[in-house]
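# Breakdown of the fold
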Amino acid sequence: MRIAVYGASGYQAGLVLAELTRRGVEPVLVGRDAARLHRAATRIGITGAERRVAGTDDHRTLVAALRDCDAVVNCAGPFTDSGHAVVRAAVAAGCQYVDTAGEQVYLSTVFDTFAGPAERAGVTVVPAANDACLPADLLARLLADTLGPVEEIVVSHFITGGGGPSRGSLRSLGATVDVIRGGGLTYQSGAWRTGVPPGRTSVTLPGASEPTEVARFPLAEVVTIPRHVPVGRVESFAEAGLGAALSVPLPPEVIDALPEGPDEEGRRGQRFSYLVDAVGVEGRRVRGVVRGSDTYGSTAVIAVEAARRLVADGARPGVLAPAQAYDPRDFLDSLAPCGIRWWIGDADG
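This write-up is about the structure you can find in this document. (Residues numbered from 1 in each chain as written. Predicted model: local features only at pLDDT ≥ 70, side-chain atom pairs only at ≥ 80, totals over all residues. Heavy atoms only, no water.)

Moving on: the nonpolar core. Leu-29, Val-98, Val-125, Ile-153 and Tyr-326 are the most contacted members of the largest nonpolar core, which has 109 residues in total. In this structure Leu-29 touches Val-5, Ala-8, Leu-17, Leu-37, Ala-40, Ala-41, Ile-46, Ala-49, Glu-50, Arg-51 and Arg-52, once residues within four positions along its chain are discounted. Membership of the second largest hydrophobic core comes to eight residues, among which are Phe-158, Val-203, Val-214 and Leu-275. (Core = buried A, V, L, I, M, F, W, Y, C linked by side-chain atoms within 4.5 Å. Buried < 20%, exposed > 50% of the residue type's maximum accessible area, 1.4 Å probe, protein only. Contact = heavy atoms within 4.5 Å.)

Encoded structure:
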């Protein structure tokens, strides 16, 4: 198995390369700058790995860089700016595709733009194979199977501790700040809608005695869940303080002066909880919970596993939500070794 990593010199890509190496999968480092690719390979200890220089502005060269790879993991954000070029090249190269994007509008455009081309090319495209969207999307499928017809799904994200966002994450936030401030997409009555006023509510976390205030936030799950769950409404929230902090972009020169990303100790100190609350048409409420630590490390494990399964097990061609490409329970259970736990219970559990 041979898996390319695009944007291979970046922070998240380094963790993906390390995970591929840990699993004994042959990585191919792809990016715009030969010197940076060399430094990335040296840092991880894979100096013998193949490196290929290709930018998103040169379609033919990028297609050639991916053509003999089984799959590609695209880690090069902001995806809003360059993601389409890598998807297009992967489809042309016949290369299975996953990315680590969390940019809601970008994700929506991937479904709209590449569903037909990917299906005709026999390529499977699974965007947003990250620590949050993939497990939450899989949980939504399991909740729907438990409830039957679903009236509403609400996804909420909570992240505490850690060493702060990587430079790549901050650049992606800056590229989508208008969407963040506007609250993003809401799915209602069979369509994705914009212009829903940003709102606040409160959510009680499992084991907590008091509710936590949350604000509407543009999460990728709003785009993926309605593609496999017949549902009246899907909306998404993040802890209010986190959402407020992420809605204020940093100047590029400030971002460039920051560390590339949190160090290993900082990542170990980070905790995340993702809640998926579903209401059936008869009023029954069920909650799915995903909990773990180290969002960047978890994303690396999830993205590599997502790509590996596309190569080893296959999935129907086209642009797919995670639950359309993978068995939800089996994939979620496979994440236990990296400390990710999940469960389904009543809405207060």
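In a pair of packed helices, the angle between the axes and the distance between the axes together describe the arrangement. Between helix α1 (residues 11-22) and helix α13 (residues 295-312), the least distance of the axes is 8 Å, while the angle of their chain directions is 55 degrees. The orientation of α1 with respect to α13, classified from their angle, is oblique. Two packed elements cross with a definite hand, and for α1 against α13 that hand is right-handed. Two secondary-structure elements touch here, α1 through Tyr-11, Gln-12, Leu-15, Val-16, Glu-19 and Leu-20 and α13 through Tyr-296, Gly-297, Thr-299, Ala-300, Val-301 and Val-304. The residue makeup of the contact of α1 with α13, split by class, is eight nonpolar, three polar and one charged. (Axes fitted to C-alpha atoms, helices over the stretch in contact; angles between N-to-C directions. Helix = DSSP H or I, 4+ residues; strand = E, 2+ residues; numbered from the N terminus. Parallel < 35°, antiparallel > 145°, perpendicular 65-115°, else oblique. Left-handed = near helix turned anticlockwise from the far one by under 90°. Nonpolar A, V, L, I, M, F, W, Y, C, P; charged D, E, K, R; others polar.)

Quick look at the side chain of Arg-309 now. Turning to its location among the elements, Arg-309 is positioned in helix α13. Judged by relative accessible area, which is 8%, Arg-309 ranks as buried. Among residues more than four places away in sequence, those in contact with Arg-309 are Gly-314, Tyr-326, Asp-330, Phe-331 and Ser-334.

Look at helix α4 (residues 79-93) against helix α5 (residues 104-121): their axes get within 10 Å of each other, and the N-to-C directions meet at 10 degrees. The orientation of α4 with respect to α5, classified from their angle, is roughly parallel. Of the residues in α5, those in contact with Phe-79, Thr-80, Gly-83, His-84, Val-87, Arg-88 and Val-91 of α4 are Tyr-106, Thr-109, Val-110, Thr-113, Phe-114, Pro-117, Ala-118 and Ala-121. When the residues that make up the contact of α4 with α5 are grouped by side-chain class, the tally is nine nonpolar, five polar and one charged.

This part covers the side chain of Asp-99. As for its position among the elements, Asp-99 is in strand β5 (residues 96-99). One buried charged residue, Asp-99, remains without a salt bridge, the closest side chain of opposite sign being Arg-88 at 13 Å. Within the structure, the side chain of Asp-99 is placed 2.7 Å from the side chain of Tyr-97, a separation counted as a polar contact. In terms of polar contacts, Asp-99 uses its side chain to reach the side chain of Tyr-106, at 2.9 Å. (Lys, Arg positive; Asp, Glu negative; His and termini not counted. Salt bridge = Lys/Arg side-chain N within 4 Å of Asp/Glu carboxyl O. Polar contact = N/O pair within 3.5 Å; in protein donor to acceptor, adjacent residues only side chain to side chain.)

Once that is clear, we can look at helix α3 (residues 59-66). Within the span of α3, buried status applies to Leu-62, Val-63, Ala-65 and Leu-66. Down the axis of α3, the buried side of the element spans an arc of 160 degrees, and every buried residue falls inside it. Close packing links the buried residues of α3 with β1 (2-6), β2 (26-31), β3 (50-53), β4 (71-74) and α4. (Arc of directions from axis to C-beta.)

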